[in-house]
Amino acid sequence: MKTTMLLSISRVFFFLITSISFSQNKQLKEHILFYSSFDGKLAADVSVGDAMMYTAENYKKAANAKPGLHSANVVLAKNKGLAGDALHFKKANTSAIFYKAYKNVGYGSKSWSGTVSFWLQLDPNKDLAPGYCDPICITDVRYNDAALWVDFTDHDPRKFRLGAMGDLEVWNPENKNDEAKWEKRTVIVEQPPFEKGKWTHIAITFSKVNTTKPAFKLYINGELKGSIKDISDPFTWEAEKGKIMLGLGYIGLMDELAVFDKPLDLKEVKSVFELKNGIKTLFK
């Protein structure tokens, strides 16, 4: 009798946990604007805007970019991903490799919120070439002008940062190297947990950008590492020129790039981090 009761209770708990998990996954799926699994193809699996990847000689020549991947130093690596294939930057990338951000990141001139989620695999202290590198930079111009990015610094050992730089003419009109202004607009992780052979999850959330109270947060492996607030720099874009720039100076693997139309909370970020086979799990 007791055994039967315990089995029944176990089934109820299993059903409840499964139902909650399914509901959470369904909600997350409904908020995805853009998703690229890099599984056997470069084009995004899900996109509100253009799904194609583009390559140009450099970002000054981005207007002449061609669809596809045209760099010998960047390839699709079969079975090297979190669960499937991955994008592999074999040498420090100097070419412009990007997806078009227009519609794919939900940019709004009056209020803009969202989340960028992706995975990296590298040992930054051994794999990277000298200098800074930006695995992801989302902007219509450059890294210091209306841009969201993460980078590895040139320190030894390397640090990992989130940067949220609004319009250059507002936050740094003389374009001077002002360390205090930079630090106010960055989150710095002194000892990031990146390792060779181990995937690390990064999530950038941003809320109410282009209002008086924007906020930006950096999560690594489901843990909040810091936030940027108390700044109100506008992010003014020529929206159709926006880009999701990939692998600037980066050497390593990248996988499961996704953009959500809302800032995920800690619980939701953890849910994405814990997806066994990545974002594709939400579409099964």
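The rules behind these values
Residues numbered from 1 in each chain as written. Predicted model: local features only at pLDDT ≥ 70, side-chain atom pairs only at ≥ 80, totals over all residues. Heavy atoms only, no water. Helix = DSSP H or I, 4+ residues; strand = E, 2+ residues; numbered from the N terminus. Rg over C-alpha atoms; globule rule 2.2 N^0.38 Å. Buried < 20%, exposed > 50% of the residue type's maximum accessible area, 1.4 Å probe, protein only. Contact = heavy atoms within 4.5 Å. Areas by Shrake-Rupley, 256 points an atom, 1.4 Å probe, with all protein chains shown as cover. Lys, Arg positive; Asp, Glu negative; His and termini not counted. Charge placed at Lys NZ, Arg CZ, Asp CG, Glu CD. Disulfide = S-S within 2.5 Å. pLDDT = per-residue confidence, 0-100. Polar contact = N/O pair within 3.5 Å; in protein donor to acceptor, adjacent residues only side chain to side chain.

**Digging into the overall build of the protein chain**
Across its full length, the protein chain holds five helices and 17 strands. Taken over the C-alpha trace, the protein chain has a radius of gyration of 20 Å; the compact-globule value for 284 residues is 19 Å, and the two agree within 12%. Counting the 284 residues in the protein chain, one finds 50% classified as buried. For the protein chain, the share of sequence-separated contacts (at least 6 apart) that also reach a separation of at least 24 residues comes to 67%. Summed over its atoms, the accessible surface of the protein chain is roughly 14300 Å², and 53% of this surface lies on carbon and sulfur atoms. Once the 39 positive and 33 negative side-chain charges of the protein chain are each reduced to a mean point, those two points are 5 Å apart.

**Looking at the state of the cysteines**
Enumeration over the complete set of coordinates arrives at zero disulfides. The thiol sulfur of C137 is not disulfide-bonded, and the nearest other cysteine sulfur, from C133, lies at 12 Å.

**Some remarks on the confidence of the model for the protein chain**
Chain-level statistics for the protein chain give a pLDDT mean of 92 and a share of 92% at 70 or above. Residue range residues 12–20 is modelled with pLDDT below 50. Its contacts to residues more than four positions away, or to other chains, number zero contacts.

**So, the side chain of R161**
As for its position among the elements, R161 is in strand β11 (residues 160–165). Within polar-contact distance, the side chain of R161 engages the side chain of D151 at 2.7 Å.

**Examining unusual backbone geometry**
Cis peptide bonds are those with omega within 30 degrees of zero, and the linkage from D156 to P157 qualifies with 5 degrees. Even without glycine at this site, K103 takes up a positive phi of about 70 degrees. Positionally, K103 belongs in the loop between β7 (96–100) and β8 (112–121). For N210, which is not a glycine, the phi torsion comes out positive at approximately 75 degrees. Within the secondary structure layout, N210 lies in the loop between β13 (200–209) and β14 (215–220). The class for N210 is buried, based on a relative accessible area of 15%.

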